[in-house]
Amino acid sequence: MFKEFKVYSVFDLLIEYIKEGKIQLDNTIHTHPAAYHDPCNYGRKSLKAFGQAFFEEGREVARACCPDLRELNPNRNEAYCCGAGGGAWAMPFSDERVFYGRTKARQISESGAELIVAPCHNCRDQIMKSLNKEYDLGIEVKYLWELVSDSLIMPNKQ
Amino acid sequence: MMYEFRVSEMAEEFGVHRNTIRNWIAAGTLPAKEGPGRKYLMKFHDYQVLCEKFGREPVIHPSNHVELASIQSMEASAEQMPPMVLEGHHSELAVDPNWADACLTCGTCASACPIAGVDGLDPRKIVRMAVLGMDKELIESQWPWKCTMCGKCEVSCPANIQIVALMRKIRGNRERDKVPGPIHKGVVMCLERGNNLGIPKDDFVYLCEELGEELAADSCPGFVTPVDVHGARVLVTVNSKEPFAEPDDMKYWWKIFYAAGESWTIPSENWEGVNWGLFSGDDAAMKVVVGRIVDNMRRLNCKVLLLPE
């Protein structure tokens, strides 16, 4: 991308570690139904701004940890925003933000997922701290790298 | 609904001559137009008004129509929007025809938007206001700040209108001290102190060291947080929310780096990875913050920049 140095998204580095065998992941820890959430900025908006979207990378990483990975429908380029994008998580319009998230909440409960994997701070906060309570979803929410970190088979180093 | 009548029937109903009815229609007093088969058509509402004027009950009572009296009470209480004068000046916000003028007004964007209808918000309305040059109203509106710029509208738009770009432009044109919430304050803080929440360098470095010791004791023997390590491969930026409120969450990445045997570092200053200028529409501030990360890459001679989100 740039000549001077590379710019990595969270996916680029995690995929690199997995493909080069630098990390080993245990897929027997997160066996309950899980679903991957497409953040607008990594998907639709990245595609628009840079001509490249990260749709499959996050799923690939999540699938390496979660054998039962499901889809929220619609997804990828047609995915619904969590409701807290564009700075809305920090904005004072919380009623609007929660209402906005109703579509995401419905998708989650329809998927039957008990774990939502979000590769974005903003989406994770909205789904975990707001939608989960407001819509009584009873789910667990993890960052993508939190999922990886919790699935690591630690090398034997002394 | 339309009310269909013959002139003779109407004349009989209101007790006037047939020619009187014809004169009324010709003069426009009776707002009717010719219909098929020597009949006339008028809006049922107008027929109701006519009946009211003559103190008569309408001869028919369609079941799907509301009583005139109930409408009148609503009309009396409804606030009338004041007439708006369009000066014909073009919007300064819609810098390209592709941002508003090419809109077909189909409303697909409004159907796609998860928050359309809330507080009168509607992407089509916003685009239309830009076409009409209503820049002041747009900039003063809270709508662009309730929109999450998710781009659902834009991806659905058959005319490829750049709705998100327009929305961000509107945000950027608001007076900075009127930007809702902490977004602009965070930008100012970041420019002044290197991160959105103003965490001092010493506190940050101390926190990193302390968390590193915890991680070493917990699951990664020998781990030391690499702050300002020259020549490390990966430079890691941080979402200031984490050191501020959820410091333990920083360890997820650190544990992965440890397992992968990565050569990485966190800069002690200007480590902020969240560029709020993107959301506040502040390109100049965005550029400064990005420039500082580039400076860190050069100063520490790193090969790969990792952005946390």
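Only a predicted model underlies this, so the values are computations on that prediction, with no experimental measurement involved. (Residues numbered from 1 in each chain as written. Chains lettered and ligands numbered in written order. Predicted model: local features only at pLDDT ≥ 70, side-chain atom pairs only at ≥ 80, totals over all residues. Heavy atoms only, no water.)

Considerations on the domain arrangement of chain B
Let me state the cut-off plainly: Each domain's limits were defined by an automated method or a database of domain assignments.
Taken domain by domain, chain B holds domain 1 (2-77), domain 2 (97-174) and domain 3 (183-306). Its C-alpha centre places domain 1 of chain B at a distance of 75 Å from the equivalent point of domain 3 of chain B.

Here we look at the sheet that holds strand S6 (residues 304-306) of chain B
Rules: For two strands to be treated as a pair, DSSP must find no fewer than two bridges joining them. The numbering of helices and of strands both runs from the N terminus, where a helix is a DSSP run of H or I of at least 4 residues and a strand a run of E of at least 2.
Strands sit in the order S1(A)-S6(B)-S4(B)-S5(B) across an open sheet of four strands; the sheet is parallel. Each edge of the open sheet carries a strand with a single partner, namely strand S1 (6-8) of chain A together with strand S5 (264-265) of chain B. Of the pairings in the sheet, the one linking strand S4 (residues 234-236) of chain B to S5(B) comprises two bridges and is parallel in character. Bridging from a neighbouring strand, Val234(B) pairs with Trp264(B) of S5(B).

So, unusual backbone geometry
The cut-off we apply is this: Partly exposed residues are those whose accessible area sits between 20% and 50% of the maximum for their type, while under 20% is buried and over 50% is exposed, using a 1.4 Å probe and protein chains only.
Look at the link from Asn73(A) to Pro74(A): it is a cis peptide, with omega at -5 degrees. Residue Asp119(B) is not a glycine yet carries a positive backbone phi of 55 degrees. Note that Asp119(B) resides in the loop between helix H5 (108-112) and helix H6 (123-131). Overall, the relative accessible area of 43% leaves Asp119(B) in the partly exposed class. A positive phi angle is found at Asn301(B), which is not glycine, with a value near 55 degrees. With respect to the element layout, Asn301(B) can be found in the loop between helix H16 (283-300) and S6.

A short note on the packing of helix H1 (residues 7-14) of chain B against helix H3 (residues 44-53) of chain B
Residues and elements named next belong to chain B. Counted only if it meets this: Only the stretch in contact is used when a helix axis is fitted, and all axes are lines through C-alpha atoms; the angle between N-to-C directions ranges over 0 to 180 degrees. Throughout, the term roughly parallel applies to angles under 35 degrees, roughly antiparallel to angles over 145, roughly perpendicular to angles from 65 to 115, and oblique to all others. By the convention used here, residues are in contact when the closest approach between their heavy atoms is within 4.5 Å. Gly is put with the polar residues, along with every residue not named as nonpolar or charged; the nonpolar set is Ala, Val, Leu, Ile, Met, Phe, Trp, Tyr, Cys and Pro, and the charged set is Asp, Glu, Lys and Arg.
Where H1 contacts H3, the two axes come as close as 11 Å, and the packing angle between them is 30 degrees. In terms of their interaxial angle, H1 and H3 are classed as roughly parallel. Together, Met 10, Glu 13 and Phe 14 of H1 and Tyr 47, Leu 50 and Cys 51 of H3 make up the contact between the two elements. For the contact of H1 with H3, the class distribution of residues is five nonpolar, no polar and one charged.

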